[in-house]
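# Structural features, examined
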Amino acid sequence: MKFSMKKGIILAVVALCFLVPAGIFAQEQAQPVSSAPAQAGTQASDGIKALFKDAPAADMEIIAKAEDLVVQGKWSSAWNLLSQADPESTNPYMIAEKIRIALDGYAQTAMHVAFTFVDLPEGVDLDTIRSEGSGESVEPVDFSPATLASALEEKGEAIPPVLSYMLGNYYYEVWKDYQGQWLLDEATVLKDGATEFERAYAYDLYTRMSLDRYSEMLIATESWEGARTVTLKALELEPENLTLTLRLANAYYGLGLFDAVPAEADKVIADKNNREQLANGYIVGIKAGLALADREMLDRYLDGFEVDFPQDYFPGLVRHLAAVNLGDREAADEAADAVTAAFPGDPDVVRSIVSTWLSTGDTTSAFNYINRNLLKEQPDEGYAALYFYRALLNMEIDQSAGRLTQALTDLSKSEEYFKKSYPAGHQIFGMIDSMKKEWGDLLVKAQEAKAQPASDATSAATATE
């Protein structure tokens, strides 16, 4: 188990209703409303014609030839054809088609600014090429769509809707693939991607996939009004899509339209098959119930959450958090004790409960919870966690000699119980040793500081005599 600490003593404060812990329920993932082309032949020619409807006939002829090569899996040949037609990358329609080829047909890529392409051997798909590293020996091609588009705009050239559409897809995939580790920061990537999708949308150029991606980026940037508009448009095309329904519920919550959340959340909750989506449906419903201080609504979602996820402790922790936020001490105590009893010995449960109270400044309830449960029968790791977090809680309040002494005593008791259930050499023991040394040094200083005034008084009395 990992114990969250800051400088050895600070408890982690977890906003449970707004973040589902990794390993229990995943956050909402992208669920494209229509399949993005990833292999040869997956992009219909009619779709390409619709996207490039404004392209000059000569450009469209070249793009159509490139698409014919794509259907055959000849990604390198398709790229070379476009490069020969537009060697300086100044034609916005060729750039748009290059983005489509780069995103869907690369063999290898470096940060999505350099790509290699191959013509697929018979019976081999792109997934195999990418996983096996095939194409690494091919000379990479530098290709930065954002830079090329910026150069066009600086020259005063109009950006056609299809280029904005493709740029939106480019930024979306960069956001998903690099998780904030790209050349630009994540906020800029999201903003630029949403802007490009918006430009295309303004000209009525969109697909199910682009609306899905556009709305997801708007949710990520908390652009709630835009997210509502785009998500509603996407739902017109696919009203049964629960990913979009969940997104709409979150947009309503972000806009403060809490009464509108349950209708959407309930649609998501009705489908028990997608467990991640189901959990997030409950969470947005609980958040709305808290915002409205509607106990009936809140209890309905909390009860359902626990029923549908009986093997997970997270619903119980959410119930505790809700009670704390409502100022219902009795309900908070009951929820804390119930989830601790249901998952005895889990340090994450103890940490989360204590952190929730600590985030509101209610150290008394946190101490009472720990002391109350120390009197109950616990497995060894249960006692270990309780003593461990009581030690941390003491240190969180102040670093007086009395607190330090109690914290060190609890830390030693915690270590005794950990030794009964954790193997020698576990990381927790190194952590405890480090904490003992740090707190021991602090105790010596605190005791010296406490003794200093008495020593000064004695010296003064001697001087007077």
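For the structure, check the block above.
Since we're looking at a predicted model, the values are computed, not measured. Counting starts from 1 at the beginning of each chain's written sequence and moves along it residue by residue. Local features are withheld for residues below a pLDDT of 70 in this predicted model, meaning they are given only at 70 or higher, and side-chain atom pairs are given and counted only at 80 or more; totals for whole chains, interfaces and linings count all residues. Hydrogens and water are ignored here; the side-chain numbers use all heavy atoms of the structure.

### A short note on the packing of helix H12 (residues 261-270) against helix H13 (residues 275-292)
Across the interface, H12 lies against H13 with an axial gap of 8 Å and an inter-helix angle of 160°. On the basis of their axis angle, the class for H12 and H13 is roughly antiparallel. For the pair H12 and H13, the crossing hand works out as left-handed. Residues Val261, Ala265, Val268 and Ile269 of H12 touch H13, and the partners they reach there are Gln277, Leu278, Gly281, Tyr282, Val284, Gly285 and Ala288. Residue composition of the contact of H12 with H13, by class: eight nonpolar, three polar and no charged. Only the stretch in contact is used when a helix axis is fitted, and all axes are lines through C-alpha atoms; the angle between N-to-C directions ranges over 0 to 180 degrees. Helical segments are the DSSP runs of H or I of at least four residues, strand segments are the runs of E of at least two, and each set is numbered from the N terminus. Roughly parallel means an angle under 35 degrees; roughly antiparallel, over 145; roughly perpendicular, 65 to 115; everything else is oblique. Helix crossings fall into two classes, left-handed where the near helix is turned counterclockwise from the far one by less than a right angle and right-handed where it is turned clockwise. Two residues form a contact once any of their heavy atoms are found within 4.5 Å. We call Asp, Glu, Lys and Arg charged. Ala, Val, Leu, Ile, Met, Phe, Trp, Tyr, Cys and Pro are nonpolar, and the rest, Gly among them, are polar.

### A short note on the nonpolar core
For our purposes a nonpolar core is just a set of buried Ala, Val, Leu, Ile, Met, Phe, Trp, Tyr and Cys residues, chained together by side-chain atoms within 4.5 Å. The rule is simple: take the accessible area with a 1.4 Å probe, protein chains only, and divide by the maximum for that residue type; under 20% is buried, over 50% is exposed, in between is partly exposed. Grouped together as the largest cluster of nonpolar side chains are 91 residues, with contacts concentrated most on Phe52, Ile99, Ile101, Leu163, Val261, Ile286 and Phe305. The element contributing the most residues to this core is helix H7 (residues 161-178), with eleven residues.

### Quick notes on empty space enclosed by the protein
Where empty space is left in the structure can be found by rolling a water-sized probe over the atoms. Definitions used throughout: a 1 Å grid over protein atoms alone; a cavity as a set of points that fits a 1.4 Å probe which cannot get out; a pocket as an open set with protein on both sides within 12 Å along at least five of seven lines; a lining residue as one with an atom within 4 Å of a point. Grid points are joined across faces, edges and corners, and a volume is the space filled by probe spheres set on the points. Scanning the model with the defined rule gives five cavities of 30 Å³ or more in all. In this model, the second largest cavity occupies a volume close to 40 Å³. Lining the second largest cavity are Thr340, Phe343, Gly345, Asp346, Val349, Val350, Gln378, Glu381, Gly382, Ala385 and Leu386. Among the secondary structure elements, those contributing two or more residues to the lining of the second largest cavity are helix H17 (347-359) and helix H19 (380-397). Element by element, the count of residues in the lining of the second largest cavity is highest for H19, at four residues. Of the residues that constitute the lining of the second largest cavity, the class distribution is five nonpolar, four polar and two charged.

### Some remarks on the pattern of salt bridges
For salt bridges, the criterion is a side-chain nitrogen of Lys or Arg within 4 Å of an Asp or Glu carboxyl oxygen. Per the stated rule, a full pass over the model turns up 26 salt bridges. Two residues, Lys176 and Glu216, come together in a salt bridge whose shortest N-O distance is 2.7 Å. Of this pair, Lys176 sits in helix H7 while Glu216 sits in helix H9 (residues 208-220), and the two are 40 residues apart along the sequence. You can call Lys176 partly exposed: its relative accessible area is 24%. Of the residues examined, Glu216 reaches a relative accessible area of 7% and is grouped as buried. In this structure, Glu236 and Lys233 form a salt bridge, with 3.5 Å as the shortest nitrogen-oxygen distance. Separated by three residues within a single helix, Glu236 and Lys233 lie in helix H10 (residues 224-237), roughly one turn from each other. Among the charged side chains, a network of salt bridges with common partners joins Lys176, Asp212, Glu216 and Arg247.

### Considerations on H7
A helix is expected to reach a length of 1.5 Å times the quantity of its residues less one. Helix length check: H7 (18 residues) gives 26 Å between terminal C-alpha atoms against 26 Å at 1.5 Å per residue, within 8%. Directly after H7, the chain includes Gln179, whose backbone phi takes a positive value near 45°.

Remember that the coordinates give geometry; whether it matters functionally is a separate question.
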